[in-house]
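Observations on chain architecture
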Amino acid sequence: MTIKDPAAFIVANTRLQPVPHAPEISLWLADEVTPIWRLTEEELGRMGLPPPFWAFAWAGGQALARWLLDNPDEVRGKTVVDFAAGSGLVGIAAMKAGAARVLCADIDPFCGAAVSLNTAANGVAADFTPRDLLEAPPPPVDVICAGDVCYERPMADRVLDWLAQARAAGTRVLIGDPGRTYFPREGLTFLAEYRVPTTRELEDQEIKRSAVWAL
């Protein structure tokens, strides 16, 4: 079985709701009352649906979105990449903060539909690519934002090396993370910390301390 219309599937299985730590933004998200919340990984697989990371507002992304909204000069008039964009939350925050152009990048093709729906819901526009940006040098943009990218060691190492290349080329690199196991403990400048509401289904705490860093 394959889902032929990802956008229709998202609308039918999630609901448009404010992001807890950035309520200026609303996203199509899963929660306890939406059909997708109750689907097991096996059921998702039978539907041809990869794990729906785009259906949740993860703590690191919420922190980074909050920081951009509160510090719009960081992105105003600039070109921005929202790396591993998921729902597009951080990219939407960048557009609301006045970015000139945002590219949301995620290898999950469902994210394209999610980003399209979510940008439309918030009255902003952003581009989307399903290309794996890690397979090429970082694009020549002003800012790269990366939220929640340190779940697994091989991927975290690969992403951080790529982000370091971007930083060396003069790109501002901003990272949002709630203290994941493979998050680096050095080479970063602390910018802010937030107490981000989440759920025990996603995290080990209902309030997750999440920080924003510059590489």
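See the structure above.
Fair warning: this is a prediction, and the values are worked out from it, not measured in the lab.

Our next topic: the overall build of the protein chain. Regarding its fold elements, the protein chain presents six helices and nine strands. The globule rule puts the C-alpha radius of gyration for 215 residues at 17 Å, and the 16 Å found for the protein chain is close to it. Reported as C-alpha extents along the three principal axes, the dimensions of the protein chain are approximately 45 × 35 × 35 Å. The burial tally for the protein chain puts 53% of its 215 residues in the buried class. Accessible surface, the protein chain as shown: approximately 10,000 Å² in total, 53% of it carbon and sulfur. Across the protein chain, the 20 positively charged side chains and the 28 negatively charged ones have centroids separated by 3 Å.

Counting across every chain of the model gives eight salt bridges. When the shortest N-O distance is used, the salt bridge between Asp-73 and Arg-76 registers 2.2 Å. For Asp-73, a relative accessible area of 57% translates into the label exposed. When its relative accessible area of 47% is taken as the criterion, Arg-76 is described as partly exposed. A salt bridge links Asp-127 to Arg-101; the nearest nitrogen and oxygen atoms lie 2.9 Å apart. A residue pair is termed long-range when its members are at least 10 positions apart, and Asp-127 in strand S5 (residues 127-129) and Arg-101 in strand S4 (residues 101-105) qualify at 26 residues.

The contact between helix H1 (residues 6-13) and helix H5 (residues 110-121) brings their axes to 9 Å, and the two run at 65 degrees. The element H1 and its partner H5 pack so that their crossing is right-handed. Here Pro-6, Ala-7, Phe-9, Ile-10 and Val-11 of H1 lie close against H5, whose contacting residues are Phe-110, Ala-113, Ala-114 and Leu-117.

Our focus in this paragraph is the pairing of strand S1 (residues 15-19). Pairing of S1 with strand S2 (residues 22-29) involves five bridges; the strand directions are antiparallel. The partner of Gln-17 across the bridge, within S2, is Leu-27. A loop of two residues connects S1 with S2, the two strands running antiparallel in sequence.

Turning to helix H3 (residues 59-70), a few remarks are in order. Here H3 contains 12 residues, and its C-alpha end-to-end distance of 17 Å stays within 8% of the 16 Å for a straight helix at 1.5 Å per residue. Most of H3 is tucked away: 11 of the 12 residues are buried. Taken together, the buried positions of H3 are occupied by Ala-59, Gly-60, Gly-61, Gln-62, Ala-63, Leu-64, Ala-65, Arg-66, Trp-67, Leu-68 and Leu-69.

Glancing now at the environment of Leu-174. Of note, Leu-174 is situated in strand S7 (residues 172-177). Look at Leu-174 and you get buried, because its relative accessible area is 0%. Along the primary structure Leu-174 and Trp-67 are separated by 107 residues, whereas in three dimensions their C-alpha atoms are 9.9 Å apart. Among all residues touching Leu-174, those that are not within four sequence positions of it are Leu-64, Trp-67, Leu-68, Glu-74, Val-143, Ile-144, Cys-145, Ala-146, Leu-191, Trp-213 and Ala-214.

The seven strands are arranged S5-S4-S3-S6-S7-S9-S8 in an open sheet whose pairing can be described as mixed. The open sheet has two edge strands, S5 and strand S8 (189-197), and neither has a second partner. Strand-to-strand twist in this sheet, taken as the mean axis angle between neighbours without regard to direction, amounts to 20 degrees. Where S8 meets strand S9 (residues 207-214), eight bridges bridge the pair, whose relative direction is antiparallel. When the bridges of S9 are listed, Phe-190 appears paired with Trp-213. Set on the sheet, helix H4 (residues 89-96) makes contact with strand S3 (79-83), S4 and strand S6 (143-147); between it and S4 the angle comes to about 180 degrees. Packed onto the sheet, helix H6 (residues 153-168) meets S3, S6 and S7 and runs at close to 150 degrees relative to S7.

Conventions and cut-offs
- Residues numbered from 1 in each chain as written.
- Predicted model: local features only at pLDDT ≥ 70, side-chain atom pairs only at ≥ 80, totals over all residues.
- Heavy atoms only, no water.
- Helix = DSSP H or I, 4+ residues; strand = E, 2+ residues; numbered from the N terminus.
- Rg over C-alpha atoms; globule rule 2.2 N^0.38 Å.
- Buried < 20%, exposed > 50% of the residue type's maximum accessible area, 1.4 Å probe, protein only.
- Areas by Shrake-Rupley, 256 points an atom, 1.4 Å probe, with all protein chains shown as cover.
- Lys, Arg positive; Asp, Glu negative; His and termini not counted.
- Charge placed at Lys NZ, Arg CZ, Asp CG, Glu CD.
- Salt bridge = Lys/Arg side-chain N within 4 Å of Asp/Glu carboxyl O.
- Axes fitted to C-alpha atoms, helices over the stretch in contact; angles between N-to-C directions.
- Left-handed = near helix turned anticlockwise from the far one by under 90°.
- Contact = heavy atoms within 4.5 Å.
- Pairing = 2+ DSSP bridges.
- Expected span 1.5 Å × (residues − 1).

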